[in-house]
Amino acid sequence: MHATLTRRRLALFALFFIPGVTIASWVTRTPAIRDLLQLSTAEMGLVLFGLSAGSMIGILSSGPLVARFGARPLIFVGTLGVILSMPTIGSGSAIGAPLVVTAGLFMFGLGMGGSEIAMNVEGADIERGFGRPVLPALHGFFSLGTVVGATAGIGFTALAVPVVWHLGAVGAIATAALIAAIPHVPPGVGIAQRDADTRSGRGRLRSALDGRLILIGVVVLAMAFAEGTANDWLPLVMVDGHGLDPAFGSAVYAVFAASMTVGRFAGGPFIERFGRPAVLCASAVSGVVGLAIVIFVDHQVAAGAAVILWGLGASLGFPVALSVAGASGQDPATRVAIVATVGYVAFLVGPPLLGFIGEHAGLRTALLAPLALMAVAILLAPRVAERRSVERREETPTA
């Protein structure tokens, strides 16, 4: 049993790594892609709405599809869409076709929105099997993928490697990882019991209206929005808002990704020692301080260093909130799917809206939106400690 769980966990490590590599590869080349397409900031925001549209469809359909078919088929199809988006975005950039790039981003959002929720349902099931925190490390592999992708992106940017070759190579490597990992994901995880409540949707509605789950959803929305904002806009914030050249802008993003990775891999012991509410609150405080420095301090070195606090602050919010959701009541797969849906809407759909604010007020000013949400998370995070005795009983490992 333990060996099977270990194989599932290793496979999921690889599957979380793939979207991290791909999204970082896209993000580090956004200045080059914008220049190839000859777009303004607002026009770039419109291109990013391809990502938003695909994400909304993938996110909103994923939960019901997982409940009907299980996590595995959603993981495979969604990850394949993410992989195929890379050469599509690269080709569209090479020929100067914004619509092709938009289509590639739509494909990316559709695939990631669908597969990530399914992977979190699978990850929560593995976490319950081990009886200890697993989701932070799984999300750590997503962040590790962003580090690898960003580091490669910095090199390709500095060497002026064409975007189409860069993203095509990423797609090929990710395909090999998918083929190796997917056989170890078991079928059936996340399929809902076909009772009367499930058929009518009343069970999902009761979970969605649970007051504590709504509270967890607000916290994860704030954390995921802060993370998604960096993934979409950080290189451009550093280039346009702080005057760095594109290579250094990509380097700052790599620092953010590395901070996210460190926070997620180191988070497990802190969660076990201090508890999830305290870790969520400390994460939100760190994110607020980092974002505030990037926004208000007009100094390149200070802004670059503050990205570390931003990354550490955003690192644990999403996986910790998912763990809390899974332990907050009956039907944990449905609860994880609901909170993951909220998080991925914030992560993938929210940040493109900042392009319109950035066009009129500057990208640094646009960051006030994630700053305000993180401040709200500071106030709400301690309240996830409610019903502590119930949470402790549900987290106790079974023989």
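From a predicted model like this one, the values you see are computed outputs, not experimental measurements.

Peer 1: Can you walk me through the overall build of the chain in this structure?
Peer 2: Counting its secondary structure elements, the chain contains 19 helices and zero strands. Relative to the compact-globule value of 21 Å for 399 residues, the chain shows a C-alpha radius of gyration of 20 Å, a close match. With respect to the principal axes defined by its C-alpha atoms, the chain has extents near 55 × 40 × 35 Å. Put simply, the chain has 399 residues, and 56% of those count as buried. In the chain, the proportion of contacts linking residues at least 24 apart, taken out of those at least 6 apart, comes to 85%. Accessible area for the chain stands at about 15100 Å²; split by element, carbon and sulfur atoms hold 69% of it. In the chain, the 25 positive side-chain charges and the 21 negative ones have mean positions that sit 10 Å from each other.

Peer 1: Mind showing me how you'd approach the domain arrangement of the chain here?
Peer 2: When the parts of a complex come together, some accessible area is lost, and that lost area is often taken as the interface size. Once the domains are mapped, the chain shows domain 1 (1-186) and domain 2 (205-385). Relative placement of domain 1 and domain 2: their C-alpha centres are 18 Å apart. Regarding the contact of domain 1 and domain 2, the summed buried area is about 3900 Å², with carbon and sulfur atoms giving 76% of it. Considering only the surface of domain 1 that becomes buried against domain 2, V27, T41 and P136 emerge as the three largest contributors, covering 13% of it.

Peer 1: Sorry if this is basic, but what is going on with the packing of helix α1 (residues 2-28) against helix α4 (residues 71-94) here?
Peer 2: Relative orientation and spacing of two packed helices are given, respectively, by the angle between their axes and the distance between those axes. It is the contact of α1 with α4, at a shortest axis distance of 10 Å, that shows an interaxial angle of 20°. In terms of their interaxial angle, α1 and α4 are classed as roughly parallel. Where α1 crosses over α4, the handedness of that crossing is left-handed. Residue-level inspection shows L15, I18, P19, T22 and W26 of α1 in contact with α4, the latter providing I75, T79, V82, I83, M86 and I89. Classifying every residue of the contact of α1 with α4 gives nine nonpolar, two polar and no charged.

Peer 1: Would you mind showing me how to read the packing of aromatic side chains here?
Peer 2: Each pair of aromatic rings is reported with the distance of its centres and the angle of its planes. The tally for this structure, following the rule as stated, stands at five aromatic pairs. On the numbers, 5.6 Å between centres and 70° between planes, the contact of F256 with W310 is edge-to-face. In this pair, F256 is assigned in helix α11 (residues 246-274) and W310 in helix α13 (residues 300-315), connecting sequence segments 54 residues apart. Residues F256 and W310 agree in their burial class; the two are buried. Through a chain of ring-to-ring contacts, the aromatic side chains of F13, F141 and F265 assemble into a single cluster. The ring centre of F69 lies 5.0 Å from the NZ or CZ of R68, which sits over that ring.

Peer 1: Hey, could you run me through helix α15 (residues 332-349) in this one?
Peer 2: An α-helical segment advances 3.6 residues per turn. Residues three or four places apart therefore align on the same side. Taking 1.5 Å of rise per residue, 18 residues should cover 26 Å, and α15 covers 25 Å from first to last C-alpha, within 8% of that figure. Counting buried residues along α15, 15 of its 18 residues qualify, which places the element largely inside the surrounding structure.

Peer 1: Quick question: what am I supposed to make of the pattern of salt bridges here?
Peer 2: Note on pairing: side chains with opposite charge can pair once their charged atoms come close. If you walk through the whole model with that rule in mind, you get six salt bridges. A salt bridge links D125 to R8, with the nearest nitrogen and oxygen atoms 2.9 Å apart. With D125 in helix α5 (residues 98-130) and R8 in helix α1, this pair connects stretches of sequence that are 117 residues apart. Through salt bridges with shared partners, a single network forms among R8, E122 and D125.

Peer 1: What am I meant to see in a nonpolar patch on the surface here?
Peer 2: Together, V255, V262, V285, V289, I308, L309 and L312 give the surface a local cluster of nonpolar side chains, amounting to about 480 Å² of exposed area. Elements supplying a minimum of two residues to the nonpolar patch: α11, α12 (276-296) and α13. Counting residues per element, the nonpolar patch draws most heavily on α13, at three residues. Among the secondary structure elements, L309 is positioned in helix α13.

Peer 1: Could you clarify how one ought to interpret the side chain of S62 in this entry?
Peer 2: Position of S62 among the secondary structure elements: in helix α3 (residues 41-69). Under the relative-accessibility criterion, S62 is labelled buried at 0%. Here the side chain of S62 touches G114 through a polar contact of 2.8 Å, landing on its backbone oxygen. Excluding residues within four positions of it along the chain, S62 makes contact with L74, G113, G114, I117 and A118.

Thresholds, definitions, all that
- Residues numbered from 1 in each chain as written.
- Predicted model: local features only at pLDDT ≥ 70, side-chain atom pairs only at ≥ 80, totals over all residues.
- Heavy atoms only, no water.
- Helix = DSSP H or I, 4+ residues; strand = E, 2+ residues; numbered from the N terminus.
- Rg over C-alpha atoms; globule rule 2.2 N^0.38 Å.
- Buried < 20%, exposed > 50% of the residue type's maximum accessible area, 1.4 Å probe, protein only.
- Contact = heavy atoms within 4.5 Å.
- Areas by Shrake-Rupley, 256 points an atom, 1.4 Å probe, with all protein chains shown as cover.
- Lys, Arg positive; Asp, Glu negative; His and termini not counted.
- Charge placed at Lys NZ, Arg CZ, Asp CG, Glu CD.
- Domains from an automatic or database assignment.
- Buried area = accessible area lost by both parts, 1.4 Å probe.
- Axes fitted to C-alpha atoms, helices over the stretch in contact; angles between N-to-C directions.
- Parallel < 35°, antiparallel > 145°, perpendicular 65-115°, else oblique.
- Left-handed = near helix turned anticlockwise from the far one by under 90°.
- Nonpolar A, V, L, I, M, F, W, Y, C, P; charged D, E, K, R; others polar.
- Phe/Tyr/Trp six-rings, centres within 6.5 Å; stacked < 30°, edge-to-face > 60°.
- Lys NZ or Arg CZ within 6 Å of the ring centre and 35° of its normal.
- Expected span 1.5 Å × (residues − 1).
- Salt bridge = Lys/Arg side-chain N within 4 Å of Asp/Glu carboxyl O.
- Patch = residues over 30% accessible without salt bridge, like charges linked within 9 Å, V, L, I, M, F, W, Y side chains within 5 Å.
- Polar contact = N/O pair within 3.5 Å; in protein donor to acceptor, adjacent residues only side chain to side chain.

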